[in-house]
Amino acid sequence: MSGLLVGKHVLVMGVANQRSIAWATARAVLAQGGRLSLTYQSNRIKPRLERLLADCDAEVTLIECDVASDDGVARAMRKLEKERAVLHGLVHSIAYAPAEDLQGSFVETTRDGFAVANDISSYSLIAAAREARRLMVQGGSIVTMTYAGSHRVIPNYNVMGPAKASLEASVRYLAADLGPAEIRVNAVSAGPIHTVAARSIKDFAGMLELLQTHTPLRRNVTAEEVADATVFLLSDLSRAITGEIVHVDAGAHAVT
């Protein structure tokens, strides 16, 4: 099925490089006829996005947005409003924890590391949703990215586990708050994907090898498969779905 996002404007937050889930999602939005805007954290990252978009025929709006700052998020949404006015979809694909808090034991997590991981990985969704709702005057869909470490101990995932648990709880509360405005809020729980960010997790390659032999589909998933599920949640096909965690993990959640 094609054309699922024709007439819809989607903002994707978190594109870091060509291997990221956010970039696969951005490409899928364009492939389904959507109008695309992207955020970038700083001017250091902007040239990287411009290179990724070099062969893109569509007009893509780039907006600077530092999600660690409420003012930064508000400024980004005001600029987006001037550029594109109405927003129909928001993809939040942002997560961060200090590398040192992903290496040792969870019990050694620092106070600052815990605060940073929850601020960037979870609270940023709330901040983005609060500002984006003003632009979603026709209703809309907000989708974020989570992982099984939110409810199960994943070796070496450490502080990101509680951060993702907070993110999933925020999805439910935001769904309840924004539902009367016809804004849906969901999350995609993806299986492990060999992104640049995943390299900071100790023995990530071993995790991929294990799941490849234990999932019902006997394989891992790709960023493109996660992007396709995200497009579904952005589209009108999912118009009655909100507050949901959709698993795209080759069935791993059902057997582990």
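Keep in mind it's a predicted model, so treat the numbers as computed, not measured. (Residues numbered from 1 in each chain as written. Predicted model: local features only at pLDDT ≥ 70, side-chain atom pairs only at ≥ 80, totals over all residues. Heavy atoms only, no water.)

1. A short note on the pattern of salt bridges
Here is step 1 of the chain: Overall, the coordinates contain 5 salt bridges when judged by the stated rule.
Here is step 2 of the chain: Here Arg-134 makes a salt bridge to Glu-81, at a shortest N to O gap of 3.3 Å. Here the residue Arg-134 occupies a position in the loop between helix 4 (111-132) and strand 5 (140-146), and Glu-81 occupies one in helix 3 (residues 70-84), the gap between them amounting to 53 residues.
Here is step 3 of the chain: Given the relative accessible area of 37%, Arg-134 is considered partly exposed.
Here is step 4 of the chain: Exposure remark for Glu-81: the relative accessible area of 35% places this residue in the partly exposed category. (Salt bridge = Lys/Arg side-chain N within 4 Å of Asp/Glu carboxyl O. Helix = DSSP H or I, 4+ residues; strand = E, 2+ residues; numbered from the N terminus. Buried < 20%, exposed > 50% of the residue type's maximum accessible area, 1.4 Å probe, protein only.)

2. Re the packing of aromatic side chains
Here is step 1 of the chain: Evaluated as defined, the whole model comprises 1 aromatic pair.
Here is step 2 of the chain: Taking the centre distance of 4.9 Å and the plane angle of 65 degrees together, the rings of Tyr-147 and Tyr-157 count as edge-to-face. Taken together, the residues span a long stretch of sequence, with Tyr-147 in the loop between strand 5 and helix 5 (160-178) and Tyr-157 in the loop between strand 5 and helix 5 at a distance of 10 residues.
Here is step 3 of the chain: With relative accessibility at 11%, the residue Tyr-147 sits in the buried group.
Here is step 4 of the chain: The class of Tyr-157 is buried, set by a relative accessible area of 9%. (Phe/Tyr/Trp six-rings, centres within 6.5 Å; stacked < 30°, edge-to-face > 60°.)

3. Quick notes on helix 5
Here is step 1 of the chain: Between its first and last C-alpha atoms helix 5 spans 26 Å; for 19 residues at 1.5 Å apiece the expected length is 27 Å, and the two agree.
Here is step 2 of the chain: Those residues of helix 5 lying buried are Met-160, Gly-161, Ala-163, Lys-164, Leu-167, Glu-168, Ser-170, Val-171, Leu-174, Ala-175 and Leu-178.
Here is step 3 of the chain: Residues of helix 5 that are buried make contact with strand 4 (89-92), helix 4, strand 5, strand 6 (183-190) and strand 7 (245-248). (Expected span 1.5 Å × (residues − 1). Contact = heavy atoms within 4.5 Å.)

4. Brief notes about the packing of helix 4 against helix 5
A pair of packed helices is captured by two measures, namely the crossing angle of their axes and the spacing between those axes.
Here is step 1 of the chain: Packing of helix 4 against helix 5 leaves a shortest axis separation of 9 Å and a crossing angle of 15 degrees. Taken as axis vectors, helix 4 and helix 5 run roughly parallel relative to one another. Crossing angle aside, the handedness with which helix 4 passes helix 5 is right-handed. Within the contact between the two elements, helix 4 uses Phe-114, Ala-117, Asn-118, Ser-121, Ser-122, Leu-125, Ile-126 and Ala-129 and helix 5 uses Met-160, Pro-162, Ala-163, Ser-166, Leu-167, Ser-170, Val-171, Leu-174 and Leu-178.
Here is step 2 of the chain: For the contact of helix 4 with helix 5, a count of residues per class yields 12 nonpolar, 5 polar and no charged. (Axes fitted to C-alpha atoms, helices over the stretch in contact; angles between N-to-C directions. Parallel < 35°, antiparallel > 145°, perpendicular 65-115°, else oblique. Left-handed = near helix turned anticlockwise from the far one by under 90°. Nonpolar A, V, L, I, M, F, W, Y, C, P; charged D, E, K, R; others polar.)

5. Here we look at the sheet that holds strand 3 (residues 61-64)
Here is step 1 of the chain: Strand order in the open sheet formed by 7 strands is 3-2-1-4-5-6-7, and the pairing between neighbours is parallel. Two strands bound the open sheet, and with one partner strand each, they are strand 3 and strand 7. Taken over all neighbouring pairs, the strand axes of this sheet differ in orientation by 20 degrees on average, direction set aside.
Here is step 2 of the chain: As paired elements, strand 2 (residues 35-40) and strand 3 share 4 bridges and run parallel to each other. Among the inter-strand pairings, Tyr-40 is bridged to a residue of strand 3, identified as Glu-64.
Here is step 3 of the chain: Where helix 3 meets the sheet, it contacts strand 1 (9-13), strand 2 and strand 3, and its direction lies at approximately 160 degrees from that of strand 3.
Here is step 4 of the chain: Helix-sheet contacts for helix 4 involve strand 1, strand 4 and strand 5, and the interaxial angle to strand 4 is about 165 degrees. (Pairing = 2+ DSSP bridges.)

6. What to know about the nonpolar core
Here is step 1 of the chain: Judged by nonpolar contacts, the single largest core of 35 residues is most densely connected at Val-12, Leu-38 and Val-226.
Here is step 2 of the chain: Excluding residues that lie within four positions of it along the chain, Val-12 makes contacts with Ala-22, Thr-25, Ala-26, Leu-36, Ser-37, Leu-38, Thr-39 and Val-91.
Here is step 3 of the chain: Judged by nonpolar contacts, the second largest core, of 30 residues, contains Ile-94, Ile-120, Leu-167 and Leu-178. (Core = buried A, V, L, I, M, F, W, Y, C linked by side-chain atoms within 4.5 Å.)

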